[in-house]
Amino acid sequence: MKHENIKYSILLDAAAKNVNPIEQISKNDKITLDEAYAIQKNSIATRLERGERLSGIKLGFTSKAKMEQMGVHDLIWGRLTDGMEIKNGGDLILNNFIHPRVEPEIAYLLEKDIAEPISEDNVFDYVSNVAAAIEIIDSRYKNFKFSLEDVIADNCSSSGYVIGDWKDFSIDVSNLQMKLQVDGKVVQSGNSSAILGNPLNSLLEAFRLANQYGVHLKKGMVILAGAATPAVFVKENNFVAVEVENLGRVSLNVK
């Protein structure tokens, strides 16, 4: 890893830890997608060295329109740690974030370690549950502005997540209404089909990408399949809830 890229991984980790945004990398240096993922890996490794545990991965650009808009031909992804998890109904402490936004998501729970290529034929052997979820995204860059390589290096803006009650994986989630509420008002609504046509497709893509980048997915880990609507900024004293048809409700308090 180039010296400059090690520097950027340190800067991004410090920005998240100290809640102090930095200039986007692309303002000073041009990095490749592979270098961006290497920066992400090294930055998250620093968190793991401090005692956090890898708890799963999240996907981004799960809308084909968004991929076309950004001029890319594949999904992007980031790493989740247990330090990012907020319990259902728990508190998002604003002082721990720079400019957080929330998104409605669908989450999957792994039943055992991934030991082979996963397809629709054997996915039920490895995934036990599905749930409504909230992802908290929070760019470590000033003004929430970044290039594609910037956001990948910054762990695809992933900063927190909340998981609702787990339901059996056999539930069909291909066409479910999803609502994002703030203080009891619906601020975004969409359908699970916006997530790669079916969140199951997103799950299978997560397995592909994890294998491609050498990430070992294990029993108990979580896969966030991607957002069904645009993200919404939150502020102090907001109450955020996501309701997903057939999956129930998940919520958090902003303090």
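Here, every reference points to the structure presented above.
Residues numbered from 1 in each chain as written. Predicted model: local features only at pLDDT ≥ 70, side-chain atom pairs only at ≥ 80, totals over all residues. Heavy atoms only, no water.

A. Main features of helix H5 (residues 199-212). In this model, H5 (14 residues) spans 20 Å end to end at C-alpha, consistent with the 20 Å of a helix rising 1.5 Å per residue. Among all positions in H5, only Pro 199, Leu 200, Ser 202, Leu 203, Leu 204, Ala 206, Phe 207, Leu 209 and Ala 210 are buried. Positive phi shows up at Gly 214, right after H5, with a value of about 70°. (Helix = DSSP H or I, 4+ residues; strand = E, 2+ residues; numbered from the N terminus. Expected span 1.5 Å × (residues − 1). Buried < 20%, exposed > 50% of the residue type's maximum accessible area, 1.4 Å probe, protein only.)

B. Expanded view of unusual backbone geometry. Even without a glycine there, the phi angle at Phe 61 is positive, about 55°. If you trace the backbone, Phe 61 turns up in the loop between strand S1 (54-60) and helix H3 (64-70). Residue Phe 61 is classed as buried on the basis of its relative accessible area, which comes to 14%.

C. Here's a closer look at the sheet that holds strand S8 (residues 177-182). Reading across the sheet, the five strands line up as S3-S13-S12-S8-S9 and stay open at both edges, with mixed pairing between neighbours. Sheet topology places strand S3 (91-92) and strand S9 (185-191) at the edges, where each strand pairs with a single neighbour. Of the pairings in the sheet, the one linking S8 to strand S12 (residues 239-244) comprises five bridges and is antiparallel in character. Across the sheet, residue Lys 179 finds its bridge partner in S12, namely Glu 243. (Pairing = 2+ DSSP bridges.)

D. Expanded view of the nonpolar core. Ranked by size, the top nonpolar core spans 68 residues in total, and within it Tyr 108, Val 123, Leu 203, Phe 207, Leu 217 and Val 240 carry the most contacts. Among the elements that line this core, the one with the most residues is H5, at seven residues. If we skip the residues at most four places from it in the chain, Leu 217 touches Ile 57, Leu 110, Asp 113, Ile 114, Phe 207, Ala 210 and Ile 223. With eleven residues, the next largest nonpolar core counts Ile 44, Ala 107, Tyr 161 and Leu 224 among its residues. (Core = buried A, V, L, I, M, F, W, Y, C linked by side-chain atoms within 4.5 Å. Contact = heavy atoms within 4.5 Å.)

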